[in-house]
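Survey of secondary and tertiary structure
Here is what each chain is made of, one letter per residue.
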Amino acid sequence: MSHARSEYTAFRSQAPELYDAILKVSQQAAKAGLDKQLLELVKIRASQINGCAFCVQHHVLLAEKLGVSADKINLVVVWREAPQFSARERAALAFTEALTTLQGGVSDEVYAQARAEFSETELVFLTSAIGVINLWNRYGVAFRWTPAERPVRAAS
């Protein structure tokens, strides 16, 4: 098991201006009207690819709070084989994988699929959301931020 080199809270206190700037960019896609559930699926998928345990857990917990089904959260890693995902979600996830791995860039097919589901403006904001989660992942992986523990639910 890896041990944290530093924690997320340390990043906030060590570089507050940087933290605030990245956070502000992180919020723009939702402010522009992209669906928050879809954005969380995108962030989970990019974080899985990048191996950022902190970000995977963080966005799983946020997705749950937003009401994303457990099936979608659990199956996002194999979204191509799972029928739960809409055409729009599939386009966003394919675009996420292309922009996260950058192996061969974004193919014409993946771009056309994304463009069929998103307006030009939406695609700009989706691209920014994918780019910024990749940035967060770089910090989380570099410093091995400890994933948050799932909050304990009170007994009924």
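Above: the structure in question.
What you are looking at is a predicted structure, and each value in this text was computed from that prediction instead of being measured.

The helix and strand tally for the chain stands at 8 helices and 0 strands. Going from the N terminus to the C terminus, the chain shows its helices and strands as α-α-α-α-α-α-α-α. At 16 Å, the chain has a C-alpha radius of gyration in line with the 15 Å of a compact globule built from 156 residues. Overall size of the chain, expressed as C-alpha extent along the three principal axes, is 40 × 40 × 30 Å. In the chain, which comprises 156 residues, the proportion classed as buried is 38%. Counted over contacts in the chain with a minimum sequence separation of 6, partners at least 24 positions apart contribute 67%. Surface accessibility of the chain: about 8900 Å² in total, with carbon and sulfur atoms responsible for 55%. Once the 17 positive and 16 negative side-chain charges of the chain are each reduced to a mean point, those two points are 5 Å apart.

Here we come to the packing of helix H6 (residues 87-101) against helix H7 (residues 108-117). Packing of H6 against H7 brings their axes to within 9 Å, and their N-to-C directions diverge by 140°. By the angle class used here, H6 and H7 are oblique. For H6 against H7, the interelement crossing comes out left-handed. Between H6 and H7, the residues in contact are Ala-87, Arg-88, Arg-90, Ala-91, Ala-94, Phe-95 and Ala-98 and Val-110, Tyr-111, Gln-113, Ala-114 and Glu-117, respectively. Here the contact of H6 with H7 is composed, by residue class, of 8 nonpolar, 1 polar and 3 charged.

Let us now look at the state of the cysteines. Tallied over the entire structure, the rule returns 0 disulfides. Cys-52 forms no disulfide, and the closest cysteine sulfur to it belongs to Cys-55, at a distance of 3.2 Å. We classify Cys-52 as buried; its relative accessible area is 1%.

Here we take up the nonpolar core. Grouped burial of nonpolar side chains is what soluble globular proteins tend to show. Counting residues in each nonpolar core, the largest one holds 28 residues, and the members touching the most others are Phe-85, Phe-95, Phe-118 and Leu-126. At the level of elements, helix H3 (36-50), helix H4 (53-65), H6, H7 and helix H8 (120-143) are the ones that each hand at least two residues to this core. Aside from chain neighbours lying at most four places away, what touches Phe-95 is Val-106, Val-110, Tyr-111, Ala-114, Leu-123, Leu-126, Thr-127 and Ile-130.

On to the packing of aromatic side chains, then. Under the counting rule described, the total for this entry stands at 11 aromatic pairs. With centroids separated by 6.2 Å and ring planes inclined at 55°, the aromatic side chains of Tyr-8 and Trp-136 adopt a geometry described as tilted. Pair noted here: Tyr-8 is in helix H1 (residues 8-14) and Trp-136 is in helix H8, with a separation of 128 residues, a long-range link. Neither Tyr-8 nor Trp-136 differs from the other in exposure class; each is buried. Between Phe-11 and Tyr-19, the aromatic rings sit 6.3 Å apart at their centres with planes inclined by 70°, giving edge-to-face as the arrangement. Residue class for Phe-11 comes out buried when judged on its relative accessible area of 6%.

Time to look at the layout of surface pockets. Its boundaries defined by the atoms lining it, the largest pocket holds a volume of some 460 Å³. Secondary-structure elements contributing two or more residues to the lining of the largest pocket are helix H2 (16-31), H3, H4 and H8.

The next thing to look at is the side chain of Gln-57. Here Gln-57 lies in helix H4. Within polar-contact distance, the side chain of Gln-57 engages the backbone oxygen of Ala-148 at 3.0 Å. Those residues in contact with Gln-57, other than ones at most four positions away along the chain, are Pro-147, Ala-148, Glu-149 and Arg-150.

Rules used in this analysis
- Residues numbered from 1 in each chain as written.
- Predicted model: local features only at pLDDT ≥ 70, side-chain atom pairs only at ≥ 80, totals over all residues.
- Heavy atoms only, no water.
- Helix = DSSP H or I, 4+ residues; strand = E, 2+ residues; numbered from the N terminus.
- Rg over C-alpha atoms; globule rule 2.2 N^0.38 Å.
- Buried < 20%, exposed > 50% of the residue type's maximum accessible area, 1.4 Å probe, protein only.
- Contact = heavy atoms within 4.5 Å.
- Areas by Shrake-Rupley, 256 points an atom, 1.4 Å probe, with all protein chains shown as cover.
- Lys, Arg positive; Asp, Glu negative; His and termini not counted.
- Charge placed at Lys NZ, Arg CZ, Asp CG, Glu CD.
- Axes fitted to C-alpha atoms, helices over the stretch in contact; angles between N-to-C directions.
- Parallel < 35°, antiparallel > 145°, perpendicular 65-115°, else oblique.
- Left-handed = near helix turned anticlockwise from the far one by under 90°.
- Nonpolar A, V, L, I, M, F, W, Y, C, P; charged D, E, K, R; others polar.
- Disulfide = S-S within 2.5 Å.
- Core = buried A, V, L, I, M, F, W, Y, C linked by side-chain atoms within 4.5 Å.
- Phe/Tyr/Trp six-rings, centres within 6.5 Å; stacked < 30°, edge-to-face > 60°.
- 1 Å grid on protein atoms, 1.4 Å probe; cavity = no way out; pocket = protein on both sides within 12 Å on 5 of 7 lines; lining within 4 Å.
- Points joined across faces, edges and corners; volume = space filled by probe spheres on them.
- Polar contact = N/O pair within 3.5 Å; in protein donor to acceptor, adjacent residues only side chain to side chain.

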